[in-house]
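# Coordinate inspection notes
For reference, the chains in residue letters:
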Amino acid sequence: MVFVRSITRLSPFLATVSLVAVALTVPSSATAEPTPEGTSDRAPDRASDRAPSALERRNDPDPQVLVISIDALNPNALRKLGRKGAPSLWRLVDEGAATLNARTQRELTVTLPNHTSMVTGRRIDASAGGHGVTWNDDDPGRPATVHAAAGENVESLFSAAHDAGLSTALFATKTKFSLFASSWPAALDRVTIKEERDGAVVKAVRRDLLRDRAVTFVHLGLADKTGHAKSFMSRAYLRAVRRLDGLVGGILDDADRRPALDDLSIVLTSDHGGLPGTTDHSPADKLADYRVPFSVWGPGISPVDLYDVNPGYRDPKRKRTRLKGKQPVRNGDVANVALGLLGVDPMPGSRFGKKRPLRLTAR
């Protein structure tokens, strides 16, 4: 038996909280096989219409960006399931500017620190200009805001969009994300947290997108929960990824059918992977933990490998990589990629994707 807490922000100063008891059944497990080196993950090239120029994208009067973070999405889960088993996630990869060889933050491969990097564009270590969020729970004894953890004011995807006059929303399946609400209360027009209720969160997201929200960040936690319970890359874990694929598929169906979402772009990534056969993802030096997918899908975006069109970034192969020299694509690129799609300048204080924004089209 688990308890579900739902927090819906109707304004920066009003919230409602409800507690509901639900039962959760988790299926059995088995271990997945590793992916052979050198195999290609991308579908064959397809002909496409001319993509709008960067200027045309910037002048789009009403762009929408949806960031989807699937907690603990090991890229090998997509390879194991294949395009039949995870058609929606593969669609975002095949039709988007994507890689299955992006990186988490170097310092830690756990949820809250990596998601804070996603929305701030910063590394973790506060002494090196990072955001300082090193914990992974919502203990009231922790710093109350990201600013307190960093020792300075920290801009975010939400505050940058808000300052540009755009509307924002946060949806999550873990209560620890209330840190973002307390850190940027005036910049978030809606916050909905439904503990361990991925389906309910996606249902709420699909309704809210039709309100023409400029930027929406959604966290989905089922794969992480199942990996911790039944081991990562187990049968149960892969079933959880398939379930999440179906939820993402509902969003893509809306994007296909509803004219109001013609301008929707989706950024997909993860906070960490998960070591097969274990219930742990905290060793930051393990490939299965620090390798994550990264895809940007939507109007004007070419179906390309991100490393092929971004010579300023280095494909890390199987390496963990340091924070000096050419960088791999990282989950910390999320914030400035999303702001770029909205026509908003990179965030002050950010590190990833600021001086060298990710190119999302073929040359």
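Here is what the cut-offs are and how they apply
- Residues numbered from 1 in each chain as written.
- Predicted model: local features only at pLDDT ≥ 70, side-chain atom pairs only at ≥ 80, totals over all residues.
- Heavy atoms only, no water.
- Helix = DSSP H or I, 4+ residues; strand = E, 2+ residues; numbered from the N terminus.
- Buried < 20%, exposed > 50% of the residue type's maximum accessible area, 1.4 Å probe, protein only.
- Contact = heavy atoms within 4.5 Å.
- pLDDT = per-residue confidence, 0-100.
- Pairing = 2+ DSSP bridges.
- Right-handed = clockwise from strand over helix to strand, strands pointing away.
- Phe/Tyr/Trp six-rings, centres within 6.5 Å; stacked < 30°, edge-to-face > 60°.

### Considerations on the overall build of the chain
- On a plain count of helices and strands, the chain comes out with 13 helices and 10 strands.
- Counting only residues that meet the buried cut, the chain has 56% of its 363 residues in that class.

### Here's the deal with helix 9 (residues 222-230)
- Within the sequence span of helix 9, burial applies to Leu-222, Ala-223, Asp-224, Thr-226 and Gly-227.
- The secondary structure elements touched by the buried residues of helix 9 are helix 8 (198-209), strand 7 (215-220) and helix 10 (235-257).

### Re the confidence of the model for the chain
- Here the chain averages 88 in pLDDT, and 83% of its residues register 70 or above.
- Low pLDDT (under 50) marks residues 1-40, which in the prediction has 81 contacts with non-local residues, meaning those over four places away or in another chain.
- Contacts of residues 44-58 to residues separated by more than four positions or lying in other chains number 13 contacts, the stretch itself having pLDDT below 50.

### So, the pairing of strand 6 (residues 190-194)
- With 5 of 5 residues buried, strand 6 lies mostly within the body of the structure.
- Two strands pair when backbone bridges link them, and strand 5 (residues 168-172) and strand 6 are joined in this way by 4 bridges, in the parallel orientation. The partner of Phe-171 across the bridge, within strand 6, is Thr-192.
- The handedness of the strand 5 to strand 6 crossover, carried by helix 7 (residues 178-183), is right-handed.

### Re the environment of Ala-164
- Tracing the sequence through the fold places Ala-164 in the loop between helix 6 (157-163) and strand 5.
- Its relative accessible area of 43% is what places Ala-164 among the partly exposed residues.
- Along the primary structure Ala-164 and Val-344 are separated by 180 residues, whereas in three dimensions their C-alpha atoms are 7.1 Å apart.

### As for the packing of aromatic side chains
- Within the structure shown, the criterion is met by 6 aromatic pairs.
- The interplanar angle of 50° and the centroid separation of 6.4 Å between the aromatic rings of Phe-158 and Phe-180 together place this pair among those described as tilted. Highlighted residues: Phe-158 in helix 6 and Phe-180 in helix 7, separated in sequence by 22 residues.
- Taken together, the ring pairs in this structure connect Phe-158, Phe-177, Phe-180, Trp-184 and Phe-217 into an aromatic cluster.

### Some thoughts on the environment of Pro-276
- Tracing the chain through its elements places Pro-276 in the loop between strand 8 (264-269) and helix 11 (287-290).
- Residues Pro-276 and Ala-288, spaced 12 residues apart in sequence, show a C-alpha to C-alpha distance of 7.5 Å.

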